[in-house]
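# Structural description and commentary
One-letter residues, chain by chain:
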Amino acid sequence: MSVKVLFVCLGNICRSPTAHGVFESLVNERGLQELIAVDSAGTGDWHLGAGPDKRALAAAKNRGYDLSALRARQVIVNDFDTYDFIMAMDNNNLDDLRAMSPARFSGELALFLHYTLDLSLLGDAPKEVPDPYYGSGDGFEHVLDLVEDASKGLLEHILKQHRL
Ligand code: 4NP
């Protein structure tokens, strides 16, 4: 039995593909790819089928993550039957996901940054991965800092929960 993790943002071209690539590479590094499956999706439908934003691709590549094969898709209700962990990047994503979550959903729907290990990365900011789409390029580095740390936290949690 494998654990399935879905990362969700608005467009599925910046934050959630970054989380997808970073978390998947951590899973692969630990040799856990048979046990943990990873995907990402967006609540919106503007970018269906598109690859990640070129700024997200470049920032990730610079840290050794290859996001080039990822393609945007929209979250579907069926995802709540498939995934054990649905990780929202911000509170808007979380609200949208809660609104579509069927009563039978038995997994965990939460803010991804709930799993932040180094709280100094957040300061007084909420536990959200800020949307870098309309900002300057720095936003993508900050996304990576937050995502790398929370990925470690989430993986530790899954390993503990499943006694792996
Ligand atoms: P993401 O960023 O949710 O991190 O993929 C965005 C990408 C596109 C748009 C908004 C946010 N957009 O409005 O097109």
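In what follows, the structure referred to is the one given above.
Before going into details, it helps to say that this report is about the structure given with it.

## What about the overall build of the protein chain?
- Assigned secondary structure in the protein chain consists of five helices and four strands.
- Mapped from its N terminus to its C terminus, the protein chain presents α and β elements in the order β-α-β-α-α-β-α-β-α.
- On the principal axes, the C-alpha backbone points of the protein chain span a range of 40 × 35 × 30 Å.
- With 164 residues in all, the protein chain has 47% of them scored as buried.
- In the protein chain, of all internal contacts separated by at least 6 residues, the share reaching a separation of at least 24 is 72%.
- Side-chain charges in the protein chain split into 15 positive and 24 negative, and the spacing between the mean points of these groups amounts to 3 Å.

## Digging into the sheet that holds strand 2 (residues 36-42)
- In space, the four strands of this open sheet follow the order 2-1-3-4, with parallel pairing throughout. Two strands in the sheet have a free side with no partner beyond their single neighbour: strand 2 and strand 4 (108-111). Geometrically, the sheet is characterised by an average inter-axis angle of 20° between neighbouring strands, direction not taken into account.
- Sheet analysis places strand 1 (residues 3-9) next to strand 3 (residues 85-88), joined by four bridges and oriented parallel.

## A few points about the environment of Lys127
- Residue position: Lys127 is located in the loop between strand 4 and helix 5 (138-161).
- Distance from Lys127 to Gly44, taken between C-alpha atoms, is 21 Å for residues 83 residues apart in sequence.
- Lys127 has contacts with Met89, Leu111, Leu113, His114, Leu119 and Leu122, leaving out every residue within four places of it along the chain.

Conventions adopted
Residues numbered from 1 in each chain as written. Predicted model: local features only at pLDDT ≥ 70, side-chain atom pairs only at ≥ 80, totals over all residues. Heavy atoms only, no water. Helix = DSSP H or I, 4+ residues; strand = E, 2+ residues; numbered from the N terminus. Buried < 20%, exposed > 50% of the residue type's maximum accessible area, 1.4 Å probe, protein only. Contact = heavy atoms within 4.5 Å. Lys, Arg positive; Asp, Glu negative; His and termini not counted. Charge placed at Lys NZ, Arg CZ, Asp CG, Glu CD. Pairing = 2+ DSSP bridges. Axes fitted to C-alpha atoms, helices over the stretch in contact; angles between N-to-C directions.

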